[in-house]
Amino acid sequence: MEYLSNYIDGVLLAPVHGAYLDNVNPATGTVFSRVPDSGADDIDRAVAAAERAFPAWAATPAEARARQLLRLADLIDRHADALARDEATDNGKPVALARRVDIPRAAKNFRFFATAILHAATEAHPMEERALNYTLRQPLGVVGCISPWNLPLYLFTWKIAPALAAGNCVVGKPSEVTPLTAFRLAELCLEAGLPPGVLNIVHGHGARAGAALVAHPKIRAISFTGGTRTGAAIAHAAAPRFKKLSLELGGKNPNIVFADCRYDEALETAVRAAFTNQGEICLCGSRIFVERPLYERFRDDFVRRVEALRVGDPLDEDTDVGAVVSEAHLEKILAYIELAKDEGGTVLCGGHRVRLDGRCAGGFFVAPTVIEGLGPDCRVNQEEIFGPVATLIPFDTEEEVLAYANGTPYGLAAILWTENLGRAHRLAARLEAGIVWVNCWMLRDLRTPFGGMKQSGVGREGGWEALRFFTEAKNVCIKLDDRDPA
Ligand code: NAD
């Protein structure tokens, strides 16, 4: 049984009060490690360490900070296989997916922001009144980064990398459900020789460790990715303390398929968009709207392809769909499938728990599920399920599908399939989503603004947006003196 540690002031530490939480392998249902159940005392220590480290880190030339982050990226690459296995074990996702997506992206996050900071420039605003304004973008100080369980190392590093690159010191709180690769990152920080206190990682429950981090008076900003309800609680706690907030929250994303689409690509991508990572990606297209002339053909082909997905041991290279992250999450997904039936839906495939043999007999597996016959306003089509469940809905007109697509409280991503250029632009402009993918899904350029509208979040990550978030803009206005000093 491995006991994970907090990483505070450059040292791997047990939690102050010695309490641990069980960490369950979702593919087997068994406890395989224990994670610190940290509280306010641990957070206090981490924030104090970060405060001590801040002046020197902020004064470190950008090039030297970048070198440190590049070293971390190289170490992630070097340990990629082991990290992918850890991620699959902790989260339940297929190891092949972790190796292809999660771990390379974690390295890329560090590389991207390490090199971005070398190109950062600020604005100047000369005035006709013979004055010059220029903008200083200075690090905030100590910031908090809180991440969820679905893309554990990928999203944790997506926050930490820009924060550190901009010269801040960080206290990170990974999800208590998937803490393992954040702990491994701490080990890599030691190997990389990151100065003590620059990055601190405190494990524990959101309601204890997470809430203590948000409430801490010395924490200047919180970058949070997770559920909408948690985001609201964080906003409530942070607002009276006037902290900067970036909130990346839930989604219920539409995938709109017009009859003129490139059919095979739309079909294949719709399956991926709904079921990759067991449907546990905030950007998944779980509400699939298909133009009526294409509906029956698409439905039948879609279901055939979904039925062919292999549900299996995450460590098996051939697995398409692994375990969902926890027993509680399994129960939530199954309850939504029951609700779909109550709401009048027809389950076309899946709709049940999958029992595997051998090592995975106690695991939390759900058959990829496709449902039709539900209206766009029912709960199953309004609430985030965050599992391998997709619904199919036919539509007749552009206006109608736009109303369906925009008719949820969320506004994270939208996917659109059409060969009609005018329609693509028209809908892209009117869809209420922070990201619109036309004829593709999950194509991510890290320079682009990333985030949601409505209840999917506040603020944007990615590129300069992230570096702006993690800095304070200060305008310096200098009156120019044209007089000759002589
Ligand atoms: P969650 O909100 O339960 O937890 C996220 C993190 O917040 C965890 O580290 C948790 O410990 C912490 N936390 C919980 N309560 C807290 C509190 N009161 N104060 C401070 N921290 C607290 O989310 P989850 O179940 O881990 O993740 C799934 C959710 O994340 C889904 O809704 C999904 O859509 C969303 N998500 C969004 C994005 C995005 O970019 N918009 C990306 C991935 C996941």
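Residues numbered from 1 in each chain as written. Predicted model: local features only at pLDDT ≥ 70, side-chain atom pairs only at ≥ 80, totals over all residues. Heavy atoms only, no water.

## Some words on the domain arrangement of the protein
Partitioning the protein into domains gives domain 1 (2-249 + 456-475) and domain 2 (254-438). Here the C-alpha centroids of domain 1 and domain 2 sit 30 Å apart. Each partner contributes residues to the interface: domain 1 has 26 residues there, and domain 2 has 29 residues. Both sides together, the interface formed by domain 1 and domain 2 hides about 2100 Å², and carbon and sulfur atoms give 59% of it. For domain 1, the biggest contributors to the area lost against domain 2 are Ala-27, Trp-149 and Ser-456; these three give 25% of the whole. Joining domain 1 to domain 2, the criterion identifies one salt bridge. Glu-317 serves as the salt-bridge partner of Arg-99, at 2.8 Å between the closest nitrogen and oxygen. (Domains from an automatic or database assignment. Contact = heavy atoms within 4.5 Å. Buried area = accessible area lost by both parts, 1.4 Å probe. Salt bridge = Lys/Arg side-chain N within 4 Å of Asp/Glu carboxyl O.)

## Some details on the packing of aromatic side chains
In the structure shown here, the tally under the stated rule is ten aromatic pairs. Ring centres 6.3 Å apart and planes at 85° place the aromatic pair Tyr-263 and Phe-298 in the edge-to-face group. You can see Tyr-263 sitting in helix H9 (residues 263-275) and its partner Phe-298 sitting in helix H10 (residues 292-307), a full 35 residues away along the chain. Taking relative accessible area as the criterion, Tyr-263 reaches 11% and is therefore assigned buried. What links up through ring pairs into an aromatic cluster is the set Tyr-263, Phe-275, Phe-298 and Phe-302. Here the basic side chain of Arg-297 rests over the ring of Tyr-263, its NZ or CZ set 3.6 Å away from the ring centre. (Phe/Tyr/Trp six-rings, centres within 6.5 Å; stacked < 30°, edge-to-face > 60°. Helix = DSSP H or I, 4+ residues; strand = E, 2+ residues; numbered from the N terminus. Buried < 20%, exposed > 50% of the residue type's maximum accessible area, 1.4 Å probe, protein only. Lys NZ or Arg CZ within 6 Å of the ring centre and 35° of its normal.)

## Brief notes about the sheet that holds strand E15 (residues 346-349)
Pairing is mixed across the open sheet formed by seven strands, whose spatial order is E15-E18-E19-E14-E13-E20-E21. The outermost strands of the open sheet, each flanked by one partner alone, are E15 and strand E21 (435-438). Between one strand axis and the next, the sheet turns by 25° as a mean value, whatever way the strands run. With three bridges joining them, E15 and strand E18 (residues 369-372) adopt antiparallel strand pairing. Each residue of the ladder has a partner; that of Val-347, found in E18, is Ile-371. Contacts from H9 reach strand E13 (253-257), strand E14 (285-291), E18, strand E19 (389-395) and strand E20 (413-417), with the element oriented near 160° to E20. (Pairing = 2+ DSSP bridges. Axes fitted to C-alpha atoms, helices over the stretch in contact; angles between N-to-C directions.)

## Describing the site of the ligand
Looking at the ligand, there are 29 residues lining it, with Lys-173, Glu-176, Thr-230, Leu-249 and Glu-384 nearest. Between an oxygen atom of the ligand and a side-chain N or O atom of Thr-230, the distance comes to 2.6 Å. Taken by itself the ligand offers 850 Å² of open surface, and the protein chains cover 87% of this. Among the elements of the structure, helix H7 (206-215), strand E11 (219-225) and helix H8 (228-238) are those that each provide at least two residues to the shell around the ligand. Take the shell around the ligand: its biggest share by element is four residues, from H7. Residues of the shell around the ligand, tallied by class, amount to 14 nonpolar, eleven polar and four charged. The two domains that each donate at least three residues to the shell around the ligand are domain 1 (2-249 + 456-475) and domain 2 (254-438). (Near = heavy atom within 4 Å. Polar contact = N/O pair within 3.5 Å; in protein donor to acceptor, adjacent residues only side chain to side chain. Areas by Shrake-Rupley, 256 points an atom, 1.4 Å probe, with all protein chains shown as cover. Nonpolar A, V, L, I, M, F, W, Y, C, P; charged D, E, K, R; others polar.)

## Things to note about helix H5 (residues 152-165)
Taking 1.5 Å of rise per residue, 14 residues should cover 20 Å, and H5 covers 20 Å from first to last C-alpha, within 8% of that figure. The element H5 is largely enclosed, with a buried count of 14 among its 14 residues. Backbone geometry just after H5 places Gly-167 at a positive phi near 100°. (Expected span 1.5 Å × (residues − 1).)

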